[in-house]
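Summary of structural features
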Amino acid sequence: MDYKFSHVGIPTTDDKNWDGFYEPLRIHYTEFDKDEYNIEWVKFEKDSSMHPLVQNLPHTAYYVDNMEAALAGKNIIVETFSPGEGVRVAFIEHNGAPIEFMEIKQ
């Protein structure tokens, strides 16, 4: 499997200039591709159903070509979901830390 670095996501309780809000998981976010260091800030509403590891620890995200292959044999903590057209995202736990996989189809 080839993992290509995408971004680092950092949870915060501070207010930022949010680029969006993902309603199903109740997450405010900044767009990492606008940041010179590929940092995505995320803030979770109190009623967010996102896994506690993702809510409380920074995560590293990687682009993958095949989500199912990337997840095979891994400890999945957030099942695959689609935050936008052509985008699939899932989270695994790796040595106590959250890792995000992103599959993008054009």
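Described below are features of the structure shown in this document. Think of each chain on its own: its residues are numbered from 1, step by step along the sequence as written. The model is predicted, so local features are restricted to residues of pLDDT at least 70 and side-chain atom pairs to those at 80 or more, both for listing and for counting; the totals for chains, interfaces and linings are taken over all residues. To obtain the side-chain values, all non-hydrogen atoms of the structure were used and water was disregarded.

**A few points about the sheet that holds strand β7 (residues 87-94)**
Two strands make a pair as long as DSSP finds a minimum of two bridges between them. Secondary structure counts use DSSP, requiring at least four H or I residues in a row for a helix and at least two E residues in a row for a strand, with both numbered from the N terminus. Ordered in space as β2-β3-β4-β1-β5-β8-β7-β6, the eight strands form an open sheet in which the pairing is mixed. Each of the sheet's edge strands pairs with one partner strand only, and the pair in question is β2 (20-22) and β6 (75-84). Taken pair by pair, the neighbouring strands of this sheet meet at an average axis angle of 25°, ignoring direction. As a rule, the C-alpha atoms of each element are fitted with a line to give its axis, helices using only the stretch in contact, and angles between N-to-C directions run from 0 to 180 degrees.

**So, the layout of surface pockets**
Each pocket or cavity is described by its volume, and for the largest pocket that value is around 580 Å³. Taken together, 25 residues line the largest pocket, and the ones lying closest to its centre are Tyr 29, Phe 32, Glu 40, Pro 83 and Met 102. Listed by contribution, the elements that provide at least two residues to the lining of the largest pocket are β2, β3 (27-29), β4 (39-44), β5 (59-63), β6, β7 and β8 (97-104). Each residue gets one label: Ala, Val, Leu, Ile, Met, Phe, Trp, Tyr, Cys and Pro are nonpolar, Asp, Glu, Lys and Arg are charged, and the others, such as Gly, are polar. Class assignment for the residues of the lining of the largest pocket results in 17 nonpolar, four polar and four charged. A cavity here means a set of 1 Å grid points, computed over protein atoms only, where a 1.4 Å probe fits but cannot escape. A pocket is an open set with protein on both sides within 12 Å along at least 5 of 7 lines, and lining residues have an atom within 4 Å of a point. Grid points are joined across faces, edges and corners, and a volume is the space filled by probe spheres set on the points.

**Things to note about the side chain of His 28**
Positionally, His 28 belongs in strand β3. In this description, contact between two residues means that some pair of their heavy atoms is separated by no more than 4.5 Å. Filtering out sequence-adjacent residues up to four positions away, His 28 remains in contact with Trp 18, Gly 20, Phe 21, Trp 41, Val 42, Lys 43 and Glu 45.

**Points about the pairing of β6**
Across five bridges, β6 lies against β7 in antiparallel orientation. Counted as the bridge partner of Ile 76 is Ile 92 from β7. The hairpin turn running from β6 into β7, its antiparallel successor, is two residues long, and Gly 86 in that turn takes a positive phi close to 80°.

**Structural notes on the nonpolar core**
Met 50, Val 54, Val 78, Phe 81 and Phe 91 are the most contacted members of the largest nonpolar core, which has 16 residues in total. Taken together, the elements giving at least two residues each to this core come down to β4, β6 and β7. In this text, buried Ala, Val, Leu, Ile, Met, Phe, Trp, Tyr and Cys residues form a nonpolar core when linked through side-chain atoms within 4.5 Å. Buried, partly exposed and exposed residues are distinguished by accessible area as a fraction of the type maximum, computed with a 1.4 Å probe on protein chains only: under 20%, between the cut-offs, and over 50%, respectively. Membership of the second largest hydrophobic core comes to eight residues, among which are Ala 70, Ala 90, Ile 99 and Phe 101.

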